[in-house]
Structure formats: C-alpha cells, structure tokens
Amino acid sequence: MYLLGFKRLFIFSIVISILLNSSNVYSQFVGSGVDGAKTLTSGAYDFVTDLGGAFTDVTVNILSTATTFSVTNGNIVAANDMVVILQMQGAAAGTFSVKKVVSKTATTITIGGGETVGKAYAISDKIQVIRAPQLTSVDIQAPATLSSTAWNGTTGGVIWFYANGTVTISGAINQNTK
C-alpha cells in the first residue's frame, strides 16, 4: 500500500503551525524560524533547492525507544534541525514522528531532549527522514508553484515545512504525479 494524502500531511503541518505559533510548548510544530523567510514570486520552485528541505532513507529498523537511527545520508541535517520520520508504505502508511536533531554522523541521526522516536518503524515499510525547514514566514505568490522531488520508491514525494509566522499561498503547491 502506498501512502495517499501527502497533501493532507502538508496541510496538517501548516494548520498546526498557524494555530500554535505563539506557544513555546508546541515549538516542535512551528520550528525556530532559523531558516528565515521564503517568498516565491513566479515560476517553479523546489522544496529541496528553494526551501532547504532534504530527504534520506532509513537503513535499519527503528525501535520505539531509539534515540539514534541509521540513515543513508546523515549529512542532510545539522544540530537543531527538525526532522520528520515518515512511514511511506504498509498498514500504518502516513504515520510520522517529528523530532529535533542533536547530532549526526554520515550515517546516523541522534535526537535529543530526553525524547525517543516513540514508534517502531520497519524499513520494509519504506521509512524516510525529511529535513523540515523551520521558516519565519512563507509567501507563495501567484503564479509561483512549489513542488518537490517525486517519490522514487525510497524518498521524495513530500513537502513539509514549519513556519512560526504567516503562511500565505496565492500561488500553487503541486505534488500531482509525485
């Protein structure tokens, strides 16, 4: 089973960010704003190139009690980045965990703050890790279009960011066929 409803996950992320942007308790849902403001004015924009997102796949099953997990490319993140661990296939497709990175190596990511991953993930369910940019504001103006790398069976197919300020979309977000 392939994950359907990427748009719902993205919209959920935006809604949580807008609703909770003034609360420190829910800072994991809005991010720090460290990646600044993004204004997309016209033309095609890419989640990785233009927003600072990134993808890698998980290489070993993750236990729910884990604080470190193995990935193909740990260099997509840095300390204090927000990552989304997202199950792409299987009975629980769409299940995700949002965590803050404390450190990384070339092939591992470590989360912190006394947190664990909180859910077990099996690599047979195609688990990917997404670096979710922490923006202050996002303005996608018409006729600009934001899209992302297509799902290739391992990574991609998702747009996920946090904004601790205003998100305005008069342009388009298009993940059709991706």
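Here's what I pulled together on the structure shown here. (Residues numbered from 1 in each chain as written. Predicted model: local features only at pLDDT ≥ 70, side-chain atom pairs only at ≥ 80, totals over all residues. Heavy atoms only, no water.)

### Topic: the sheet that holds strand E14 (residues 172-173)
Here is step 1 of the chain: Spatially, E2-E11-E14 is the arrangement adopted by the three strands of the open sheet, whose pairing is parallel. Taken across any chain shown, the strands that pair with only one partner, and hence form the sheet edges, are strand E2 (44-46) and E14.
Here is step 2 of the chain: Sheet analysis places strand E11 (residues 145-147) next to E14, joined by two bridges and oriented parallel. Bridge pairing in E14 links Thr145 to Ala172. (Pairing = 2+ DSSP bridges. Helix = DSSP H or I, 4+ residues; strand = E, 2+ residues; numbered from the N terminus.)

### Notes on the pattern of salt bridges
Here is step 1 of the chain: Per the stated rule, a full pass over the model turns up three salt bridges.
Here is step 2 of the chain: Of the charged contacts, one joins Asp35 and Arg131 as a salt bridge, the two residues approaching to 3.0 Å between their closest N and O atoms. Placement of the pair is Asp35 in the loop between helix H2 (27-30) and strand E1 (38-40) and Arg131 in strand E8 (residues 127-132), with a sequence separation of 96 residues.
Here is step 3 of the chain: With its nearest N and O atoms 2.8 Å apart, the salt bridge here joins Lys99 to Glu115. Here the residue Lys99 occupies a position in strand E6 (residues 96-104), and Glu115 occupies one in the loop between strand E7 (108-111) and E8, the gap between them amounting to 16 residues.
Here is step 4 of the chain: Since its relative accessible area comes to 11%, Lys99 is described here as buried. (Salt bridge = Lys/Arg side-chain N within 4 Å of Asp/Glu carboxyl O. Buried < 20%, exposed > 50% of the residue type's maximum accessible area, 1.4 Å probe, protein only.)

### Side note on the pairing of E6
Here is step 1 of the chain: Alignment of strand E5 (residues 82-87) against E6, held across five bridges, turns out to be antiparallel. The residue bridging Val83 from the neighbouring strand is Lys99, located in E6.
Here is step 2 of the chain: Inspection of the sheet shows E6 paired to E7 by three bridges, in the antiparallel sense. Its bridge partner lying in E7, Ser103 is registered against Thr110.
Here is step 3 of the chain: Hairpin geometry of E6 and E7 is characterised by an intervening segment of three residues between the two adjacent antiparallel strands.

### Structural notes on the packing of aromatic side chains
Here is step 1 of the chain: Counted under the stated rule, the structure contains two aromatic pairs.
Here is step 2 of the chain: Summarising the aromatic geometry, the rings of Phe47 and Phe55 are spaced 5.6 Å apart at their centres and angled 50° between planes, so their arrangement reads as tilted. Like Phe55, Phe47 is buried.
Here is step 3 of the chain: Here Phe96 and Trp160 contribute two aromatic rings whose centre-to-centre distance is 4.9 Å and whose plane-to-plane angle is 70°, an arrangement assigned as edge-to-face. Residue Phe96 is found in strand E6, and its partner Trp160 is found in the loop between E11 and strand E12 (162-163); the two are separated by 64 residues along the sequence.
Here is step 4 of the chain: Assessed through its relative accessible area of 25%, Phe96 is described here as partly exposed. (Phe/Tyr/Trp six-rings, centres within 6.5 Å; stacked < 30°, edge-to-face > 60°.)

### Re the side chain of Ser97
Here is step 1 of the chain: Mapped onto the elements, Ser97 comes out in strand E6.
Here is step 2 of the chain: A distance of 2.7 Å separates polar atoms of two side chains, one belonging to Ser97 and the other to Tyr121.
Here is step 3 of the chain: Setting aside its immediate chain neighbours within four residues, Ser97 contacts Val83, Val84, Ile85, Val117, Lys119 and Tyr121. (Polar contact = N/O pair within 3.5 Å; in protein donor to acceptor, adjacent residues only side chain to side chain. Contact = heavy atoms within 4.5 Å.)

### Digging into unusual backbone geometry
Here is step 1 of the chain: Geometrically, the link from Ala142 to Pro143 is a cis peptide bond, its omega value of 10° lying close to zero.
Here is step 2 of the chain: Positive phi values are uncommon outside glycine, yet Asn80 reaches one of about 80°.
Here is step 3 of the chain: Examined against the element boundaries, Asn80 turns out to sit in the loop between strand E4 (68-70) and E5.
Here is step 4 of the chain: Owing to a relative accessible area of 45%, Asn80 belongs among the partly exposed residues under this scheme.

By themselves, these observations are geometric and do not establish any function.
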